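# What the coordinates show
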Amino acid sequence: MDLGPDIDAASDLDFDTALAMLAWQVELGADETLSETPVNRYEAARAEEARAGEARAGEPRATAPRTGQAPEPMPMAPPQNDGPDPVAAAREAARAATDLPALAEAIAAFDLCDLKKGAKNTVFADGNPAARVMILGEAPGRDEDMQGKPFVGRAGKLLDRMLGAIGLSRSGPDAENAVYISNILPWRPPHNRDPEAAEIAMMMPFVARHVELAAPEVLVLMGNTPCAAVLGRRGITRMRGKWTEAPELPLPGLPVLPMFHPAYLLRNPAAKREAWADLLSLQARLKGQT
Ligand code: URA
């Protein structure tokens, strides 16, 4: 990945430009310092593959040789193994949790999702569990992983401002004006990559139980991942602002509002206009005007 001008050019940069370049790299996912010298992991993977190929000499080649292209995406189906079925195990653990603290404990104790191994914290929820509005995002990012709370980074700050504009807050003790916030995945995917279908599938029983126990009056889905997970559909540009229901959740008839993810709004400020319309729609619904 080309992360910007070379070092010589960078040494002439003024402070503001250097800061903007750094922010841009963080936006791209280069948000942790691992080493002072760059490592080309694609090369390392190719060298590893070549070594494995030599070791397998004489066996038929299972895959076409790599030609320098980016690695193929991970398979979406759950890996086949002889261990416990992670979805069934999650269903059982979620069902056994009879309140939100028990559910938080059950998720933190769930060891069948590999994301947990790379995460610093399990991110369960923030806000007022008695709130009328529950918001579901995608997964923790770097800041959320460090702090153990959802939506505390740049996108979260924008989310707080958006909610504040219609009189809602995650910190207010008054359930009437409060929100309760969680994510589909409680652990940060490495390098903020997209969640995989198998990861979503195994955490969905916990999400469904979370919604059931919090029992909000309204559920807001931020972006494509929660829409795909909860509604089984993607296409946030078409879906946003259109109230719907989630028959797969244990609360039949719960009104569900898909909205743009605040991280998308940070990259596409022009879409804030639509987000504002959706916030007004949420406000009207809470006031019983729709
Ligand atoms: N994006 C999300 O979807 N969730 C978070 O908690 C933070 C960023």
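To keep things clear, this report deals only with the structure shown in the data block. Model, not experiment: these values are computed from the prediction.

On to the site of the ligand. Taken together, Gly137, Glu138, Ala139, Glu144, Pro150, Phe151, Asn183 and His261 make up the full set of residues adjacent to the ligand. Within the contact set of the ligand, a nitrogen atom lies 3.1 Å away from a backbone nitrogen or oxygen of Ala139. Between the ligand and Phe151 there is a distance of 2.8 Å, counted from an oxygen atom to a backbone nitrogen or oxygen. In isolation the ligand has 240 Å² of accessible area, and contact with the protein removes 91% of it. Looking at side-chain class alone, the shell around the ligand contains 3 nonpolar, 3 polar and 2 charged residues.

For the rest of this paragraph, the subject is the pattern of salt bridges. This structure, assessed with the given rule, holds 10 salt bridges. Of the charged contacts, one joins Arg193 and Glu196 as a salt bridge, the two residues approaching to 3.8 Å between their closest N and O atoms. Judged by relative accessible area, Arg193 falls into the partly exposed class, the value being 27%. For the salt bridge of Arg209 with Glu212, the shortest nitrogen-to-oxygen distance reads 2.9 Å. Residue Arg209 and its partner Glu212 are located together in helix α9 (residues 197-214), separated by 3 residues, close to a single helical turn. Residue classification places Arg209 among the buried positions, given a relative accessible area of 16%. Since its relative accessible area comes to 31%, Glu212 is described here as partly exposed. Through salt bridges with shared partners, a single ionic network connects Asp126, Asp160 and Arg170.

Criteria and thresholds
Residues numbered from 1 in each chain as written. Predicted model: local features only at pLDDT ≥ 70, side-chain atom pairs only at ≥ 80, totals over all residues. Heavy atoms only, no water. Near = heavy atom within 4 Å. Polar contact = N/O pair within 3.5 Å; in protein donor to acceptor, adjacent residues only side chain to side chain. Areas by Shrake-Rupley, 256 points an atom, 1.4 Å probe, with all protein chains shown as cover. Nonpolar A, V, L, I, M, F, W, Y, C, P; charged D, E, K, R; others polar. Salt bridge = Lys/Arg side-chain N within 4 Å of Asp/Glu carboxyl O. Buried < 20%, exposed > 50% of the residue type's maximum accessible area, 1.4 Å probe, protein only. Helix = DSSP H or I, 4+ residues; strand = E, 2+ residues; numbered from the N terminus.

Such coordinate-based values are descriptive only and should not be taken to indicate function.
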